[in-house]
Amino acid sequence: MGTRGLILGIESSCDETAAAVVERGARTLSSVVASQIATHARYGGVVPELASREHLRAIVPVVRAALDQAGITLADLDAIAVTSGPGLAGALLVGITYAKALAFANGLPLIAVNHLEGHIHAVLLNEREQDQALKGTGFSPDNQQPNAAGAKAHADSAGIMRGLKPPPPSESNFSAACSAPEGNPRPADESALALVVSGGHTHLYLARPTASAWTYKLIGRTLDDAAGEAYDKVAKLLGLGYPGGPWIDALALHGNARAVPFAFSQIKTKVHLAGKAPRTKAARTAPIANLDPRFLFSFSGIKTAVLRYVELHNLRPEAESRRQALFTGPDAPAHPTVEDALAQCDPQTLDLIASFQYAVVGDLMKKTFAAAESLGARRILVTGGVAANRSLRSRFTAEATRRNVHVAFPTLALSTDNAAMIAAAAWPKLQAKDFAEPNLSANPSLAMGR
Ligand code: KG4
Ligand code: ZN
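All figures in this text were calculated on a predicted structure; none of them were measured in a lab.

### Side note on the overall build of the protein chain
- Per the secondary structure count, the protein chain includes 16 helices and 10 strands.
- Counting the 450 residues in the protein chain, one finds 57% classified as buried.
- For the protein chain, the proportion of contacts with a sequence separation of at least 24, taken over those separated by at least 6, is 78%.
- For the protein chain, the accessible area works out to roughly 18,200 Å², and carbon and sulfur atoms hold 55% of it.

### Regarding the site of ligand 1
- Inspection of the region around ligand 1 gives 21 residues, with Gly199, Asp232, Gly245, Asp249 and Asn389 positioned closest.
- Taking Gly199, its main chain carries an N or O atom lying 2.8 Å from an oxygen atom of ligand 1.
- Here an oxygen atom of ligand 1 sits 3.0 Å away from a polar atom, N or O, in the main chain of Asp417.
- Protein burial of ligand 1: of its 550 Å² of free accessible surface, 92% is covered by the chains.

### A look at the coordination of the zinc ion (ligand 2)
- On the protein side, the zinc ion (ligand 2) has His115 (NE2), His119 (NE2) and Asp417 (OD) as donor atoms, found 2.0 to 2.1 Å from it.
- One way to put it: the 4 donor atoms around the zinc ion (ligand 2) meet at angles of 95 to 140°, and that makes the site irregular.
- Look at where the donors of the zinc ion (ligand 2) fall in the sequence and you get H-x3-H-x297-D. You can see His119 sitting in helix H4 (residues 115-134) and its partner Asp417 sitting in the loop between helix H15 (412-415) and helix H16 (420-431), a full 298 residues away along the chain.

### Concerning the sheet that holds strand S3 (residues 27-35)
- A sheet is described by the order of its strands in space; here 5 strands give the open sequence S3-S2-S1-S4-S5, paired in mixed fashion. Only two strands of the sheet have a single neighbouring strand rather than two, namely S3 and strand S5 (110-114). Averaged over all adjacent pairs, the angle separating strand axes in this sheet is 20°, with direction ignored.
- Here strand S4 (residues 79-85) runs beside S5; their pairing, made up of 5 bridges, is parallel.

### Comments concerning the sheet that holds strand S6 (residues 192-197)
- One open sheet holds the 5 strands; their spatial order is S8-S7-S6-S9-S10, and the pairing between them is mixed. Unpaired on one side and paired on the other, strand S8 (214-221) and strand S10 (406-408) mark the two borders of the sheet. Averaged over all neighbouring strand pairs, the angle between strand axes comes to 25°, with direction disregarded.
- With 7 bridges connecting them, strand S7 (residues 202-209) and S8 associate as antiparallel partners. Looking across to S8, one finds that Leu204 is bridged to Gly220.

### Observations regarding the side chain of Ser391
- If you trace the backbone, Ser391 turns up in helix H14 (residues 390-403).
- Residue classification places Ser391 among the buried positions, given a relative accessible area of 19%.
- Setting aside residues up to four positions removed in sequence, Ser391 forms contacts with Gln357 and Val361.

### Regarding the pattern of salt bridges
- In this structure the tally under the stated criterion is 17 salt bridges.
- One salt bridge in this structure joins Arg322 and Glu318, with 2.6 Å as the shortest N-O distance. In this pair, Arg322 and Glu318 both sit in helix H11 (residues 316-328), 4 residues apart, roughly one turn of the helix.
- For Arg322, a relative accessible area of 2% corresponds to the buried category.
- With a closest N to O distance of 3.1 Å, Glu320 and Arg323 form a salt bridge. Remark: Arg323 and Glu320 occur in helix H11; sequence separation between them is 3 residues, near one turn of the helix.
- On the accessibility criterion, Glu320 (34% relative accessible area) is partly exposed.

### Describing the nonpolar core
- Ranked by size, the top nonpolar core spans 58 residues in total, and within it Phe356, Leu364, Val382 and Phe396 carry the most contacts.
- In terms of residue count, the dominant contributor to this core is helix H13 (residues 347-375) (13 residues).
- Discounting residues that sit within four places of it in the chain, Leu364 has contacts with Leu195, Val197, Thr202, Ala227, Phe297, Phe299, Leu392 and Phe396.
- Judged by nonpolar contacts, the second largest core, of 30 residues, contains Val21, Val63, Leu92 and Val94.

### Side note on helix H8 (residues 244-252)
- In terms of burial, H8 is largely enclosed, as 8 of its 9 residues are buried.
- Listed in full, the buried residues belonging to H8 are Gly244, Gly245, Trp247, Ile248, Asp249, Ala250, Leu251 and Ala252.

### Some thoughts on unusual backbone geometry
- Between Gly85 and the following residue, Pro86, the backbone shows a cis peptide bond with an omega angle of -10°.
- Across the junction of Tyr242 and Pro243, the peptide omega takes the value -5°, indicating a cis bond.
- In this fold, Pro243 is placed in the loop between helix H7 (227-237) and H8.
- The residue Asn404 is not glycine, and still its phi comes out positive at about 60°.
- Among the residues examined, Asn404 registers a relative accessible area of 60% and is labelled exposed.
- The phi dihedral of Lys433 falls on the positive side, at around 55°, and the residue is not glycine.
- Note on placement: Lys433 falls in the segment after H16.

### Notes on the packing of aromatic side chains
- For the coordinates displayed, the defined rule picks out 5 aromatic pairs.
- Look at Tyr231 and Phe356: their rings are 5.3 Å apart centre to centre, the planes differ by 75°, and that puts the pair in the edge-to-face class. With Tyr231 in helix H7 and Phe356 in helix H13, this residue pair connects regions lying 125 residues apart in the sequence. As far as burial versus exposure is concerned, Tyr231 and Phe356 are alike and both buried.
- Between Phe264 and Phe299 the ring centres are 5.7 Å apart and the planes differ by 80°, which places this aromatic pair in the edge-to-face class.

### Describing the environment of Pro293
- Looking at the secondary structure, you find Pro293 in the loop between helix H9 (269-273) and helix H10 (300-312).
- Separated by 26 residues in the primary sequence, Pro293 and Ile267 have C-alpha atoms spaced 6.1 Å apart.

Scoring rules and cut-offs
Residues numbered from 1 in each chain as written. Chains lettered and ligands numbered in written order. Predicted model: local features only at pLDDT ≥ 70, side-chain atom pairs only at ≥ 80, totals over all residues. Heavy atoms only, no water. Helix = DSSP H or I, 4+ residues; strand = E, 2+ residues; numbered from the N terminus. Buried < 20%, exposed > 50% of the residue type's maximum accessible area, 1.4 Å probe, protein only. Contact = heavy atoms within 4.5 Å. Areas by Shrake-Rupley, 256 points an atom, 1.4 Å probe, with all protein chains shown as cover. Near = heavy atom within 4 Å. Polar contact = N/O pair within 3.5 Å; in protein donor to acceptor, adjacent residues only side chain to side chain. Donors = N, O, S within 2.8 Å, 3.2 Å for Na, K, Ca; no water. Tetrahedral: all angles 85-135°; square planar, octahedral: opposite > 155°, others 65-115°. Pairing = 2+ DSSP bridges. Axes fitted to C-alpha atoms, helices over the stretch in contact; angles between N-to-C directions. Salt bridge = Lys/Arg side-chain N within 4 Å of Asp/Glu carboxyl O. Core = buried A, V, L, I, M, F, W, Y, C linked by side-chain atoms within 4.5 Å. Phe/Tyr/Trp six-rings, centres within 6.5 Å; stacked < 30°, edge-to-face > 60°.

Here it is in structure tokens:
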């Protein structure tokens, strides 16, 4: 057993097999992600059986690469942390079973981490790394030497792992500010309102550090689809690639966001008070009782509104020919670019895409800032795959400046699923000796912060 506070994190809750080594929740030694996007793309969404199979294939080489890139062996570790839920049962089980076996065989404690807690700690990890860089400890999450292991391992691993996640379509266009945690650095160990916004979740938590652990109070969440799910479904409807978020993000820059006035109606109090069961699996991960309806989200309506617009304006045939030209047709490029997609989109479609994104980001902003104001929170963390979105980052940043509150995002690599966030979230649990039971199993609808 090591003495450096080194935790190996393992993440397999959805369609990324990831492993990372993080020191004391504050320094990423390696972060390796093998994405299954190529496997699921042709189905337009994650196929659970294929996900489990791909995790089984990738888990051993990914963990090995994480240890190698960190320059350590299992003997140097202090603990192994693994995502225990929420997520796909079969996918979670692969990570959990491997983590258990490794921990048992090496006499290491096993720590179970909620995936949503991991996303929150992605921002805290970045903030700690940024703080250390500013304090001149030679550590920077964005430079290459010597401590940019987290960011660099993502790039390095592309050469090692087959099927690694491709960068978002126009990542090269992302500004430097967009790839680094934004805003002035603040101590990572301060209470914050956290918006976890991804393909499976749209949840608001009040995250508070206590002497022994972080605690999370659920403030709001979606009643149906997650925001990322809406991005993915709208992209699929319009004949764009999977996952849809990066495509919509890039194409929205070319449309008029005010062209289609999508509106989010206020969530009705009676739905909330009636205590009806949430309508989708994604929404079942946390209870809705006692939540303020002002902080509840619903993204199924806008998805339907986009569908109606497409039907009303007869855009379906165009979407189908776009899909063929970009992905399924005999002349489709092997790796379609944003420029390829742009050439297949008329102004009306670009306006629709921009307007959809404008409405979704506006709704996320409105409810998050309202919750922050109502709770007196001066610090907001936005995390999860959708937090990679450029429009979201710039609009949240502008609003935070206007309101004089602090907002922070993870780096792009840590916005989507990864294992560094799992290892970082496990550090306070290691200190508190909050270890998993030997019978730890996958909990697909694991809740947090009741
Ligand atoms: O956090 P994540 O990797 O996995 C989950 O925990 O769900 O998030 C994936 C989601 C997908 O729905 C994807 O479309 C969305 O994040 N996403 C984006 C962007 N990049 C990824 N959504 C909007 N803009 C982006 N740039
Ligand atoms: Zn996630």
